Amino acid sequence: MLSSAAKRVAPMPASSEPAAIEMVGMNKWYGSFHVLKDINLTVRRGERLVICGPSGSGKSTMIRCINRLEEHQHGQIVVDGVELTNDLKKIDVIRRDIGMVFQHFNLFPHLTILENLMLSPIWVRSMRRWQAEQTAMHYLERVKIPDQAHKYPGQLSGGQQQRVAIARALCMSPKIMLFDEPTSALDPEMVKEVLDTMVALAEDGMTMLCVTHEMGFARQIADRIVFMDQGEIVEMNNPSEFFSNPSHERSKLFLGQILY
Amino acid sequence: MKALSLSLQTAPMPGQIRVGALWRYAKLLFGTPLNAALTLLFGTMIVVTVPPMLRWLVIDGVLFDPDPNACRVAAGACWSFIYAKSGQLLFGIYPFDERWRPALVCLLILALLGWSVRPASWTPRLAALWVAALVLIFWLMAGGFGLIEVPTSSWGGLPVTLILTVVAIGVAFPVGILLALARRSTMPAIRIGTVVLIESVRGLPLLSILFVASIMMPLFLPEALLPDKFVRALVALTIFAAAYLAEVIRGGLQAIPNGQYEAAAALGLPFWRTQYLVILPQAIRVAIPALANTIIVMIKNTSLVLVVGLFDLISSGKAALADPDWPSPAAETFLFIGAIFFALSFSFARFADFLERRGLTAH
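Residues numbered from 1 in each chain as written. Chains lettered and ligands numbered in written order. Predicted model: local features only at pLDDT ≥ 70, side-chain atom pairs only at ≥ 80, totals over all residues. Heavy atoms only, no water.

A few words on the domain arrangement of chain B. Taken as a whole, chain B is organised into domain 1 (13-58) and domain 2 (81-357). Taking only C-alpha atoms into account, the centre of domain 1 of chain B sits 45 Å from that of domain 2 of chain B. (Domains from an automatic or database assignment.)

Considering all chains together, one arrives at 13 aromatic pairs over all chains under this definition. By the ring-pair criterion, three or more aromatic residues cluster together here, those being Phe227(A), Phe242(A), Phe243(A) and Phe254(A). Cation over ring: Arg118(B) sits above Trp115(B), and NZ or CZ is 4.3 Å from the ring centre. (Phe/Tyr/Trp six-rings, centres within 6.5 Å; stacked < 30°, edge-to-face > 60°. Lys NZ or Arg CZ within 6 Å of the ring centre and 35° of its normal.)

Residue and element names in this part refer to chain A. Pairing within the open sheet is mixed, and its six strands lie in the order β6-β7-β8-β3-β9-β10. The open sheet has two free edges, formed respectively by β6 (98-101) and β10 (232-237), since each of these has just one partner strand. For this sheet, the mean angle separating the axes of adjacent strands, direction not counted, is 15°. Against the sheet, helix α7 (residues 188-203) contacts β3 (48-52), β7 (176-180) and β8 (207-211), and its axis sits at roughly 150° relative to β8. (Pairing = 2+ DSSP bridges. Helix = DSSP H or I, 4+ residues; strand = E, 2+ residues; numbered from the N terminus. Axes fitted to C-alpha atoms, helices over the stretch in contact; angles between N-to-C directions. Contact = heavy atoms within 4.5 Å.)

Our next topic: the pairing of β8(A). Residue and element names in this part refer to chain A. Taking burial as the measure, the five residues of β8 include five buried ones, the bulk of the element. Of the two faces of β8, the one lined by Thr207, Leu209 and Val211 and the one lined by Met208 and Cys210 are each fully buried. Judged from the four bridges that link them, β3 and β8 form a sheet pairing that is parallel. Looking at the pairing, arginine 48 lines up with methionine 208 of β8. Bridge count between β7 and β8: five bridges; the pairing is parallel. For phenylalanine 179, the partnering residue across the bridge sits in β8 and is cysteine 210. (Buried < 20%, exposed > 50% of the residue type's maximum accessible area, 1.4 Å probe, protein only.)

Below, the structure written as structure tokens:
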């Protein structure tokens, strides 16, 4: 808690930390539609970034480019020193080290919770079964639902499913975690349990990029807030500055609409 | 609606005499003019058809008398023919002294099928077991290595039906999966090639594919390269089944949301592992009712090989009927053969039903 509070004061991350993600002049088009315009963004190791902006601003698309769920057409994305190209092997290497949590959880409905968690440690990291099970149980305890291990995703509440999805990503011991609107599909009473899990993760020093509309959460954990609109990064600032004194007209408008 | 009307009927009203079950049924059967008319119609049909049917099947039927003449004088069914000719019906013109071999093959296949339906036995070992069993089965049927050789033209009856069914569907299923995946490929050459293959096979009647395999292939292939007629028919059935199964499986694949692919990709699972571990188990589960339907049709389609001169159950039945010592009890024979096909198809339908219910609890 203390360390995160200390970090929050600094407007930019400590420059001694090496870059976890580096985007330089990154552009993406859907056909003739220019979704991402000249994105330049460096994320340091251990940094917590919250990305916000109106819908259609390209924030989800941007973080999906980082693990190549979307392909960028121009510019550079370097993850942990490896540049993303069409090289499938490199893509696999990068994906192994990036965990992702989706809006709609995307758990595998035909597998139990435990099997969901063990799948990629066994098949991607070649972990032994017992070892994968141990890891899975460890993370299920961390997200506080070890008792659900043998149920199927459909038997769990939305909040529980999203916590399982977080645990599933953590089982691969990722260096970076991407969150794509993790609480947007949840009933209001379940938002907190998921955010609490994410706060705990942030306090452990995980590098996090989080697309969210949860501004309280952003204020609590973010080192920096990235505000996007119409495919551009409009403003990048520390939370206290961003919320109290947004420098851009569009940020002001957006904050006016969501903080009521 | 149903529950409401039932509770109204069963709840005794004040001042009303408690009605008996008999009265309730009478009301159900004759409650309205339409119900009364339907009851009379179906009642008459039952009275007219059932007693004569029973008389033919059992009362006037010859059950055990091994003398063919008993059937000539009897007014009912000739079941003793089925009993006396069971060897020929089940094994066709397979050499008499070697009939233990096809009998063993049938038992082996049925035992393996019974073993394979248990979820506990679904391991890679099971596939290996089947491959080993098929080698054994072909050795038992064809002979060689110490057994008298029997050409495929002498094979017949139940083992032919079972081998064609099991091998054609067993091979067509994985091939169908590959075709379904290929048809969804982003690579145009693979996709278009698959579409052409599937659509041409689906566009032809099975009969014509069998004729091509058995009659046309010898016209343009040299004798040495020509596979056995049985193998050619087997390949034709397999290709036909694969094309149909591919489309059914593709329907299942279509039902899998994109998020499943994305989640698998984000976890670093490569293409084939994603398909095998995440996508196909779900797609096949979705497609179970349609798959079961296609497979049951394929079980019965195997009987079409009779047009290219292979002796399946139905051709064996027809051959048995040709015996001049017996009157030709065709109805009984085809009822018997029908019962075998029904047992196979119905067992499979139950198995599919079991899989479906098992899938429901897992969601």
